[in-house]
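Structural characterization, general
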Amino acid sequence: MPKMQTETLRQTARDMVAPGRGILAMDESRPTCAARFKKLGIADSEEKRREYRDLLVTAPGLGEFVSGAILFDETIRQQTLAGDSFPAHLAKAGIVPGIKVDTGAKPLAGFDGEKVTEGLDGLRERLAEYRELGARFAKWRAVIAIAGADKPSRACLMANAHALARYAALCQEAALVPIVEPEVLMDGGHDIARCFEVTRAAQQMVFEQLREQNVLLEGIVLKPSMVVSGADCATRAPLAEVAEQTVRCLKMTVPHEVPGIAFLSGGQSDEEATAHLNAMNARGRNLPWALTFSYGRALQQAAMATWGGDAANREAAQKIAAHRARMNGLAASGAWSADMEKLAA
Ligand code: 5MM
């Protein structure tokens, strides 16, 4: 890889995990966005998605705490209400534009109930086009479910890790920083120890495959799930244990060259996601990578509910989006406390 390209990748990755800032995941595919809108009685149309996403990216003050935003294919081609392309608006606001490039998790043949993420065919060409459209990073999400003692299978972890690594190599060839997202789902009755075991195995395989495919580790951002109890587990691990186990797992799996780790929220409540991130950053640990957020739901759900599809609520929704970004920005520096939620609400 040319030296200049290596430096571009390193610098972009560092910008994405800059101190006190994190990433806004606003790359819901059409079915996911439709489902979220439907719950709130919002019409499922291209124009409504544009209005909503415009509201998010133009929220005053967002850029102070948001370093990057992940767009969906439709959005990267749309214009904001003021007439800029979304990537151009983001760049002006000091937010690095990114794009989701996987085509979704599909059933893994031969392994009932397990999934592998697709989207490698034609990816080189799509990445070149996205770069032209203004993207500077990309995202691919692998979905790993825990079910009993034998799921996920080794085959499922390997297939997903291999696809993530092939995607990452193609991104770097196109001078785009890959966000590498192996999500271990929270669904299920498993305890935190089982989540730890699966998350560790998944992350270990991902880094084996990234090395195998010659991916520059300084030029990626890892987007993992936190190590938590399953959503239906009878005894839920407390905040301090989640922070402890998540950091322990990362120390065992993530090489020092990786500049940053930006967590997904995975169905945690807004405040829980903030508190967990804060606890990981607040303990005076000397960690080799930045720990920040790349939340979708935990940044957006309150703002979307306040908006409700009505332009009259736009400003109120923007304030809520900016507030959540601020809370998580503080958590990324370990400077958040629950009092701040109350004071600023
Ligand atoms: C914003 O949601 C993303 C897209 O999801 P679909 O492809 O299923 O529509 C999703 O990949 C998201 O970026 C991550 O899961 C993190 O989001 P959460 O809500 O878990 O923080």
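Please refer to the structure higher up on the page.
From a predicted model like this one, the values you see are computed outputs, not experimental measurements.

For the rest of this paragraph, the subject is the environment of Glu 197. One can find Glu 197 in helix α9 (residues 192–212). Engagement of the side chain of Glu 197 in a polar contact is seen with the side chain of Arg 194, the distance being 3.0 Å.

Bringing the pattern of salt bridges into the picture now. Counted according to the given criterion, the structure contains 23 salt bridges. A salt bridge links Arg 77 to Asp 73; the shortest N-O distance between them is 3.0 Å. What makes Asp 73 partly exposed here is its relative accessible area of 26%. Residues joined in a network through salt bridges with shared partners are Asp 27, Lys 100, Lys 139, Arg 141, Glu 181 and Glu 183.

Moving on: empty space enclosed by the protein. If a probe the size of a water molecule is rolled over the atoms, the empty space left behind becomes visible. Tallying each qualifying case throughout the model produces two cavities of 30 Å³ or more. Here the largest cavity is characterised by a volume of approximately 70 Å³. The wall of the largest cavity is formed by Glu 183, Val 184, Leu 185, Met 186, Ser 225, Met 226, Val 228, Leu 264, Ser 265, Gly 266 and Gln 268. Size it by volume and the second largest cavity reaches roughly 40 Å³. Every residue lining the second largest cavity is listed: Leu 24, Leu 56, Leu 62, Val 66, Leu 299, Ala 321 and Ala 325. When its residues are assigned to classes, the lining of the second largest cavity shows seven nonpolar, no polar and no charged.

On to the layout of surface pockets, then. Within this model, the largest pocket holds a volume of roughly 680 Å³. Around the largest pocket, the lining is made up of 29 residues, and of these Thr 32, Arg 36, Lys 139, Arg 141 and Glu 183 lie nearest the centre. Contributing elements (two or more residues each) for the lining of the largest pocket: α2 (30–39), β6 (137–144), β7 (177–184) and β10 (290–295). Looking at the lining of the largest pocket, the element that brings in the most residues is β6, giving three residues. Broken down by class, the residue content of the lining of the largest pocket amounts to eight nonpolar, eight polar and 13 charged. Estimates place the volume of the second largest pocket at around 210 Å³. As for the second largest pocket, its lining consists of Glu 28, Ala 35, Arg 36, Lys 39, Leu 40, Gly 296, Arg 297, Gln 300, Gln 301, Met 304 and Ala 305. Elements that contribute at least two residues to the lining of the second largest pocket include exactly α2 and α12 (297–307). Looking at the lining of the second largest pocket, the element that brings in the most residues is α12, giving five residues. A per-class count over the lining of the second largest pocket returns four nonpolar, three polar and four charged.

Definitions and cut-offs
- Residues numbered from 1 in each chain as written.
- Predicted model: local features only at pLDDT ≥ 70, side-chain atom pairs only at ≥ 80, totals over all residues.
- Heavy atoms only, no water.
- Helix = DSSP H or I, 4+ residues; strand = E, 2+ residues; numbered from the N terminus.
- Polar contact = N/O pair within 3.5 Å; in protein donor to acceptor, adjacent residues only side chain to side chain.
- Salt bridge = Lys/Arg side-chain N within 4 Å of Asp/Glu carboxyl O.
- Buried < 20%, exposed > 50% of the residue type's maximum accessible area, 1.4 Å probe, protein only.
- 1 Å grid on protein atoms, 1.4 Å probe; cavity = no way out; pocket = protein on both sides within 12 Å on 5 of 7 lines; lining within 4 Å.
- Points joined across faces, edges and corners; volume = space filled by probe spheres on them.
- Nonpolar A, V, L, I, M, F, W, Y, C, P; charged D, E, K, R; others polar.

The quantities given are spatial measurements derived from coordinates; they are silent on function.
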